[in-house]
Amino acid sequence: MDYYTRDIINKLTDEIRSTFKIPLPVDDLSNFVKSIGGMITESDLKSRAYEGRTAIKSTKYTFEIFIPENQHPDRKKFLIARELGHLFLHMGYLIDESMWKECQNVDFYKSESSEEESQANEFAAALIMPRKEYKRVMDRYTDARYVNTRYIAEYFGVSIQAASNRGKLLGYLSW
């Protein structure tokens, strides 16, 4: 993904958080999903036609996010955020009416490319760990040249790997 696309996704998530007053750190996305007309279903996705992965089913005015049951709360939050990325970026929900209308003709949304998956992952990370807040938290947990990503991860409620990757992609941490 290029810098321009990453920047647009980060600005979009900032706008979504601001418009819908999503508090930081993001603890639970269930209320947000309900507030925009959706629902979350935890189920054994193997019984569905989506090969055991997360999925989105849309109707004319609503959507349903399916995630595997028994997920750790941090993982669950990221999975929901990633599906929200597909919902806004690739299905056009609340953004592009004609794109959203096209999505009414499919049972489940299925990503068509690894680029779409990268964009949805960027959306999830940006929604949960916004740039400015990430930098503020990182500065708080930096001692000389050492950044304690464990504390960053705990603050945002994500895995250490997710916090580290986010810092690297933002250019704050080295690969």
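Provided above is the structure to which this section pertains.
In this report, the structure presented in the accompanying data block is examined. (Residues numbered from 1 in each chain as written. Predicted model: local features only at pLDDT ≥ 70, side-chain atom pairs only at ≥ 80, totals over all residues. Heavy atoms only, no water.)

Regarding helix 6 (residues 131-140), the residues found buried are E133, Y134, V137 and M138. Within helix 6, the buried residues cover an arc of 130 degrees as seen down the axis, which keeps them to one side. Tucked into the core, helix 6 has its buried residues touching strand 4 (142-143), strand 5 (146-147), helix 7 (149-156) and helix 8 (160-169). (Buried < 20%, exposed > 50% of the residue type's maximum accessible area, 1.4 Å probe, protein only. Helix = DSSP H or I, 4+ residues; strand = E, 2+ residues; numbered from the N terminus. Arc of directions from axis to C-beta. Contact = heavy atoms within 4.5 Å.)

Here we come to a nonpolar patch on the surface. Together, F20, L94 and I95 make up a nonpolar patch on the protein surface, roughly 280 Å² of accessible area in all. Given the relative accessible area of 56%, L94 is considered exposed. (Patch = residues over 30% accessible without salt bridge, like charges linked within 9 Å, V, L, I, M, F, W, Y side chains within 5 Å. Areas by Shrake-Rupley, 256 points an atom, 1.4 Å probe, with all protein chains shown as cover. Salt bridge = Lys/Arg side-chain N within 4 Å of Asp/Glu carboxyl O.)

What follows covers the packing of helix 7 against helix 8. One can describe the packing of helix 7 onto helix 8 by two numbers: an axis separation of 8 Å at closest approach and a directional angle of 105 degrees. Here helix 8 runs roughly perpendicular to helix 7, going by the angle between their axes. Contacts between helix 7 and helix 8 involve T149, R150, I152 and A153 on the former and, on the latter, I160, A163 and S164. Here the contact of helix 7 with helix 8 is built from residues that sort into four nonpolar, two polar and one charged. (Axes fitted to C-alpha atoms, helices over the stretch in contact; angles between N-to-C directions. Parallel < 35°, antiparallel > 145°, perpendicular 65-115°, else oblique. Nonpolar A, V, L, I, M, F, W, Y, C, P; charged D, E, K, R; others polar.)

Before going further, it helps to examine the pattern of salt bridges. What the rule picks out here adds up to ten salt bridges. K76 is the partner of E42 in a salt bridge, and the nearest nitrogen-oxygen pair spans 2.8 Å. Of this pair, E42 sits in strand 1 (residues 38-43) while K76 is found in helix 3 (residues 73-90), placing the two residues 34 residues apart along the sequence. A relative accessible area of 21% means that K76 is categorised as partly exposed.

This part takes up the nonpolar core. Judged by nonpolar contacts, the single largest core of 41 residues is most densely connected at F63 and L84. For this core, the elements supplying multiple residues, two or more each, are helix 1 (3-19), helix 2 (30-35), strand 3 (63-68), helix 3, helix 5 (114-128), helix 6, helix 7 and helix 8. Top contributing element to this core by residue count: helix 3, with seven residues. With residues near it in sequence (within four places) discarded, L84 still touches L29, F32, V33, I36, F63, I65, F123 and L127. (Core = buried A, V, L, I, M, F, W, Y, C linked by side-chain atoms within 4.5 Å.)

Moving on, we come to helix 1. Between its first and last C-alpha, helix 1 extends 24 Å over 17 residues, near the 24 Å set by a 1.5 Å rise per residue. Contact partners of the buried residues in helix 1: helix 2, helix 3, helix 5, helix 6 and helix 8. Just downstream of helix 1, K21 is the residue with a positive phi angle, here 50 degrees. (Expected span 1.5 Å × (residues − 1).)

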